[in-house]
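# Survey of secondary and tertiary structure
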Amino acid sequence: MGIGRNEPCPCGSGKKYKKCCGSVASGQFAGHEATEAIQVTPRTTRTPRKKTAQRAKDTLVKIADDFEKEISQVSQLREKTTILRRFLDTHSPLAHLS
């Protein structure tokens with residue numbers, strides 16, 4: 001049976017195992033010899049919050065850019081529609097009647 005990370009270190013230093021001899025990265029002792037083999041299982045890896053926040057920010061920026069392009073296209077279409085209406089109003093055969 002292994003030693004828990006929060007239990008006293010078997011080297012006798014009085015520190016917790018995780019702060020003394022326990023190395024999560026290597027699963028071995030940092031410098032002291034132990035009387036029994038101790039096996040530490042590293043925590044499961046998770047995506048750091050910074051990366052998740054950055055992905056969310058990047059997604060929102062992309063959505064905003066796409067929205068801005070759509071708005072720009074709508075504005076251009078409105079301008080063209082206005083120009084076409086003016087042209088038709090002035091060049092329509094019925095324009096002189098109004």
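Residues numbered from 1 in each chain as written. Predicted model: local features only at pLDDT ≥ 70, side-chain atom pairs only at ≥ 80, totals over all residues. Heavy atoms only, no water.

For the rest of this paragraph, the subject is the state of the cysteines. All told, the structure shown has zero disulfides when counted by the stated rule. Note on Cys 9: no disulfide assigned, nearest cysteine sulfur contributed by Cys 21 at a separation of 3.3 Å. There is no disulfide at Cys 20, and the cysteine sulfur nearest it, in Cys 11, is 3.5 Å away. For Cys 20, a relative accessible area of 18% gives the class buried. (Disulfide = S-S within 2.5 Å. Buried < 20%, exposed > 50% of the residue type's maximum accessible area, 1.4 Å probe, protein only.)

Glancing now at the confidence of the model for the protein chain. Per-residue confidence for the protein chain gives a mean pLDDT of 77, with 69% of residues at or over 70. Below pLDDT 50 for its whole length, residues 28-36 participates in 15 contacts with residues either more than four positions away or in separate chains. (pLDDT = per-residue confidence, 0-100. Contact = heavy atoms within 4.5 Å.)

Glancing now at the nonpolar core. Side chains of a nonpolar character, in soluble globular proteins, are inclined to be buried together. Judged by nonpolar contacts, Ile 3, Cys 9, Tyr 17, Cys 20 and Cys 21 together constitute the single largest core of five residues. Beyond its immediate stretch of four places on either side in the chain, Cys 9 contacts Lys 15, Lys 16, Tyr 17, Cys 20 and Cys 21. (Core = buried A, V, L, I, M, F, W, Y, C linked by side-chain atoms within 4.5 Å.)

Attention shifts here to the pattern of salt bridges. One pass over the full model with this rule turns up one salt bridge. Taking the shortest distance from any N to any O, the salt bridge between Lys 62 and Asp 66 comes out at 3.1 Å. One end of the pair is Lys 62 and the other is Asp 66, both in helix H1 (residues 49-91) and four residues apart, which spans about a single turn. Residue Asp 66 is classed as partly exposed on the basis of its relative accessible area of 32%. (Salt bridge = Lys/Arg side-chain N within 4 Å of Asp/Glu carboxyl O. Helix = DSSP H or I, 4+ residues; strand = E, 2+ residues; numbered from the N terminus.)

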